[in-house]
Amino acid sequence: MTTLDATFTSDAKPAGYSLLQISLHWIIAALVIFQLFFGESMTHAVDAVAEGTVLAASDAWLAWFHYWFGIAILALVALRLAVRLTRGKPPAHSEQPYWTDMMARLAHGLFYVLLVAVPVTGLLGYYVEGPFGDIHAWAKPVFIGLIAVHAAAALYHQFMKKDGTLIRMLRPTA
Ligand code: HEM
Ligand code: HEM
């Protein structure tokens, strides 16, 4: 397979993540954590409109950010998936057992599903009647659980196994 072929398949194995991939990882992570912390302001805003009650100014601001940060996440994830599918990702560490590599792939796949499905259900909850707002809110504990496991795994790899996993999400390769 030529380098050009490898570049256009998701099986491509670059030496590390690119500056764009690393920037997108951390910008999206920061935005998602903001959404999880302050999402209830959007629930208060939706409830205030439905019940005709007055909304606190802080909730109105935070709901505005929730809306636009959520849409920004969706747009950035579309870019991120495009880069991921064309450039690929670095290979698993060679000494890593097959099953832990599979767990990491599963966790990363679930992240991508959530990163698309959560903003989409948010938009549907905002504009369309139905169960979408509730489905959107249920994603909160799933997201938090996955982030906790993912961050713990990254720190375990970096500081216990000392295999440079965290470093490769900080230091870009061309
Ligand atoms: C990854 C992006 C997003 C995350 C992580 C997120 C997270 C959350 C969280 C944690 C809540 C509070 C749930 C609760 O009250 O327990 C919430 C509520 C809400 N969010 Fe999002 N959100 C995201 C994107 C969006 C987008 C793009 C919209 C579109 C307008 C949106 C609209 C809403 C609405 C309408 C509610 C109120 C749901 C209800 O109670 O009916 N969200 N969100
Ligand atoms: C909302 C928060 C986060 C989300 C949505 C997220 C999502 C992801 C995704 C989807 C990947 C796979 C990248 C790919 O191959 O396409 C990844 C990789 C990675 N993440 Fe996160 N992440 C988050 C937070 C964190 C945190 C807090 C840490 C560190 C403590 C971290 C460390 C890493 C590392 C080191 C990798 C590279 C793993 C490898 O090379 O095999 N992430 N993350």
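Here the structure is shown first, and the text comes after it.
To keep things clear, this report deals only with the structure shown in the data block.

Parameters at a glance
Residues numbered from 1 in each chain as written. Chains lettered and ligands numbered in written order. Predicted model: local features only at pLDDT ≥ 70, side-chain atom pairs only at ≥ 80, totals over all residues. Heavy atoms only, no water. Helix = DSSP H or I, 4+ residues; strand = E, 2+ residues; numbered from the N terminus. Lys, Arg positive; Asp, Glu negative; His and termini not counted. Charge placed at Lys NZ, Arg CZ, Asp CG, Glu CD. Donors = N, O, S within 2.8 Å, 3.2 Å for Na, K, Ca; no water. Tetrahedral: all angles 85-135°; square planar, octahedral: opposite > 155°, others 65-115°. Buried < 20%, exposed > 50% of the residue type's maximum accessible area, 1.4 Å probe, protein only. Patch = residues over 30% accessible without salt bridge, like charges linked within 9 Å, V, L, I, M, F, W, Y side chains within 5 Å. Areas by Shrake-Rupley, 256 points an atom, 1.4 Å probe, with all protein chains shown as cover. Salt bridge = Lys/Arg side-chain N within 4 Å of Asp/Glu carboxyl O. Near = heavy atom within 4 Å. Polar contact = N/O pair within 3.5 Å; in protein donor to acceptor, adjacent residues only side chain to side chain. Nonpolar A, V, L, I, M, F, W, Y, C, P; charged D, E, K, R; others polar.

### A short note on the overall build of the chain
The helix and strand inventory of the chain stands at 6 helices and 0 strands. Listing the helices and strands of the chain from first to last along the sequence gives α-α-α-α-α-α. Considered along the principal axes of its C-alpha atoms, the chain spans approximately 60 × 35 × 25 Å. The positive charge centre, built from 11 side chains, and the negative charge centre, built from 11, are 17 Å apart in the chain.

### Some thoughts on the coordination of the iron atom of ligand 1
Donor atoms from the polypeptide that bind the iron atom of ligand 1 are H66 (NE2) and H136 (NE2), placed at 2.0 Å. In this structure, the iron atom of ligand 1 is coordinated by 6 donor atoms arranged in octahedral fashion, with angles at the metal of 86 to 180°. Here H66 is found in helix 4 (residues 57-87), whereas its partner H136 is found in helix 6 (residues 132-159), with 70 residues between them in sequence. The class for H136 is partly exposed, based on a relative accessible area of 23%.

### A closer look at unusual backbone geometry
Backbone geometry places K162, a non-glycine residue, at a positive phi of 50°. Counting through the fold element by element, K162 comes out in the segment after helix 6.

### Some points on the coordination of the iron atom of ligand 2
Of the protein atoms, only H25 (NE2) and H150 (NE2) coordinate the iron atom of ligand 2, at distances of 2.0 Å. Bound by 6 donor atoms, the iron atom of ligand 2 shows angles of 87 to 179° at the metal and therefore octahedral coordination geometry. Of the two residues, H25 is situated in helix 2 (residues 19-38) and H150 in helix 6; the sequence distance between them amounts to 125 residues. Relative accessible area serves as the criterion here: at 26%, H150 is assigned to the partly exposed category.

### Looking at a nonpolar patch on the surface
Residues I33, F37 and F38 make up a contiguous nonpolar surface patch of roughly 320 Å² in combined accessible area. Assignment of secondary structure puts F38 in helix 2. Classification of F38 by relative accessible area gives partly exposed; the value is 35%.

### Thoughts on the pattern of salt bridges
Per the counting criterion, the structure on display carries 2 salt bridges. The partner of E40 in a salt bridge is K140, and the shortest N-O contact between them spans 3.4 Å. Placement of the pair is E40 in helix 3 (residues 40-51) and K140 in helix 6, with a sequence separation of 100 residues. Residue E40 is classed as partly exposed on the basis of its relative accessible area of 48%. Residue classification places K140 among the partly exposed positions, given a relative accessible area of 31%.

### Quick word on the site of ligand 1
In the neighbourhood of ligand 1, 21 residues make up the surrounding shell, with M42, T43, H66, Y67 and H136 lying closest. In this structure, T43 approaches ligand 1 through a side-chain N or O atom, which is 2.7 Å from an oxygen atom. Here a nitrogen atom of ligand 1 sits 2.8 Å away from a polar atom, N or O, in the side chain of H66. Counting residues per element, the ones that place at least two in the shell around ligand 1 are helix 2, helix 3, helix 4, helix 5 (98-127) and helix 6.

### Side note on the site of ligand 2
Taken together, 19 residues form the shell around ligand 2, and within it H25, R84, Y112, H150 and R168 come nearest. Take Y17: an N or O atom from its side chain is 3.1 Å from an oxygen atom of ligand 2. In the environment of ligand 2, an oxygen atom lies 2.7 Å from a nitrogen or oxygen atom belonging to the side chain of R84. When residues of the shell around ligand 2 are traced back to their parent elements, those giving at least two are helix 2, helix 4, helix 5 and helix 6. Its residues assigned to classes, the shell around ligand 2 comprises 11 nonpolar, 4 polar and 4 charged.

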